[in-house]
Amino acid sequence: AVKGKNHERNYYQKVQKITGHEDIKVFLYYWDSRDGPDFTGWWFGDEIGGSQVWARSNSHGTMPPRIGWRIPWDAPKAEPGILLIDPYRAGAGNAASSTPAAPGAISKPTASGAANQGNAATAARVKKATEQVESIEKEVGEAVSTSKSANAETDEDELKETQEALQKQQTALLEIQKTLTMDINEVRKTGGG
């Protein structure tokens, strides 16, 4: 829930209790550039500006970003899907509830919550898309590797084959991108994920 302002942005406190850790407070807040670029962005911690922090995003938006979180805060890069920030919806587990989302409250999606909200189809789409991308990445890698091995002594037919392989992979990448875009738009329309 929104608890106040810090560095000209709302800050939030987790409203759900953490089983087994009920005494731990969790805050989500923005820190500006006063301490340098390595400390600028959105943070999860046990207090505003404290030394106990768990996650960080380099985002400078007025609202916390949904994705792009580094866990731990000093990880070399953000791992996709490790933490998603969504507005808390009071009574989300109750299909009959019409309680609106508490503005700015934060929740971490769970596997059971996702299934309860009908996200199994979304999970299946994500799995399929991941498999497609991994497959195409492997094929593209092979085509790029072959093209890099070409040199002044490579004959014209081999160069032409390499060019055709690269064009084939480019077309496949464009098709996957088109499919992923359609899937994303469909999920957005249906309210999943």
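Chains are numbered independently. Their residues run from 1 in the order of the written sequence. pLDDT decides what is reported in this predicted model: residues at 70 or higher carry local features, side-chain atom pairs at 80 or more are listed and counted, and totals for whole chains, interfaces and linings draw on all residues regardless. For side-chain calculations, the full set of non-hydrogen atoms in the structure is used, while hydrogens and water are omitted.

Visitor: I'd like a description of the side chain of aspartate 32, backed by residues and values.
Guide: Counting from the N terminus, the helices are the DSSP runs of H or I reaching at least four residues and the strands are the DSSP runs of E reaching at least two. Along the polypeptide, aspartate 32 turns up in the loop between strand 3 (27–31) and strand 4 (41–45). Of note is the side chain of aspartate 32, whose polar atom sits 2.8 Å from the side chain of arginine 34. Every residue in contact with aspartate 32, bar those within four places of it in the chain, is listed here: His7, Phe39 and Thr40. Polar contact is defined as a pair of N or O atoms within 3.5 Å, subject to the rule that within protein one atom must be able to donate a hydrogen and the other to accept it, and that residues adjacent in sequence are counted only when both atoms are side-chain atoms. The contact definition used throughout considers only heavy atoms, calling two residues in contact when any of these lie within 4.5 Å.

Visitor: Tell me what's going on with the packing of aromatic side chains, and back it up with residues and numbers.
Guide: Any aromatic ring pair is given by two values, namely how distant the centres are and how the planes are angled relative to each other. Stacked, tilted and edge-to-face are the three classes assigned to paired rings of Phe, Tyr and Trp, where Trp is represented by its six-membered ring and a pair needs centres within 6.5 Å; plane angles under 30 degrees give stacked, over 60 edge-to-face, the rest tilted. One pass over the structure, following the stated rule, counts seven aromatic pairs. A ring pair is formed by tryptophan 43 and tryptophan 73, whose centres lie 5.4 Å apart and whose planes are at 45°; its orientation type is tilted. Here tryptophan 43, found in strand 4, pairs with tryptophan 73, found in the loop between strand 5 (53–57) and strand 6 (86–89); they are 30 residues apart in sequence, far enough to count as distant. Ring pairing ties together the aromatic residues Tyr12, Tyr30 and Trp42, which thus form one cluster. Charge over a ring is defined by NZ of Lys or CZ of Arg lying within 6 Å of the ring centre and within 35 degrees of the ring normal. Taking NZ or CZ as reference, arginine 9 lies 3.8 Å from the ring centre of tyrosine 30, over its face.

Visitor: Help me get a handle on the environment of methionine 63, residues and values and all.
Guide: Tracing the backbone shows methionine 63 in the loop between strand 5 and strand 6. Buried residues are those whose accessible area, probed at 1.4 Å on protein chains only, stays under 20% of the maximum for their type, while exposed residues exceed 50% and partly exposed ones sit between those limits. Given a relative accessible area of 49%, methionine 63 falls into the partly exposed group. Spatially, the C-alpha atom of methionine 63 lies 9.2 Å from that of tyrosine 11, the residues being 52 residues apart in sequence. Contact partners of methionine 63, with chain neighbours within four places excluded, come to Tyr12 and Trp42.

Visitor: I'd like a rundown of the sheet that holds strand 4, residues and numbers included.
Guide: By definition, the strands of a sheet pair up through backbone hydrogen bonds, in either a parallel or an antiparallel sense. Spatially, five strands are ordered 1-2-3-4-5 in an open sheet, and the strand pairing comes out antiparallel. On the outer flanks of this sheet lie strand 1 (2–6) and strand 5, each paired with one strand and no other. On average, each strand axis in the sheet is tilted by 30° relative to the strand beside it, whichever way the strands run. Note that strand 4 and strand 5 share four bridges and pair antiparallel. Its bridge partner lying in strand 5, tryptophan 43 is registered against arginine 56. Strands pair, by our definition, only if DSSP identifies at least two bridges between them. Lines fitted to the C-alpha atoms define the axes, with helices restricted to the stretch that makes contact. Angles between their N-to-C directions range from 0 to 180 degrees.

Visitor: Summarise the nonpolar core; cite the residues concerned and give the values.
Guide: Core analysis: the largest hydrophobic core is formed by ten residues, namely Tyr12, Val26, Leu28, Tyr30, Trp42, Phe44, Ala55, Trp69, Leu83 and Ile85. For this core, the elements supplying multiple residues, two or more each, are strand 3 and strand 4. Formed by six residues, the second largest nonpolar core is a distinct cluster that contains Tyr11, Phe27, Tyr29 and Val53. The nonpolar core is taken to be a set of buried Ala, Val, Leu, Ile, Met, Phe, Trp, Tyr and Cys residues, with the residues joined through side-chain atoms within 4.5 Å.

Visitor: Please set out the environment of threonine 130 residue by residue, giving values where relevant.
Guide: Tracing the backbone through its elements, the reader meets threonine 130 in helix 2 (residues 120–148). Expressed as a C-alpha distance, the spacing of threonine 130 and leucine 180, which sit 50 residues apart in the sequence, is 9.8 Å.

Visitor: So what's going on with unusual backbone geometry? Residues and values would help.
Guide: A negative phi angle characterises most non-glycine residues, just as the trans form characterises most peptide bonds. A cis amide bond, omega -5°, links isoleucine 71 with the succeeding residue proline 72. Residue position: proline 72 is located in the loop between strand 5 and strand 6. For histidine 7, which is not a glycine, the phi torsion comes out positive at approximately 50°. Within the fold, histidine 7 resides in the loop between strand 1 and strand 2 (9–13). Residue class for histidine 7 comes out buried when judged on its relative accessible area of 13%. For glutamate 8, which is not glycine, the phi dihedral falls at a positive 70°.

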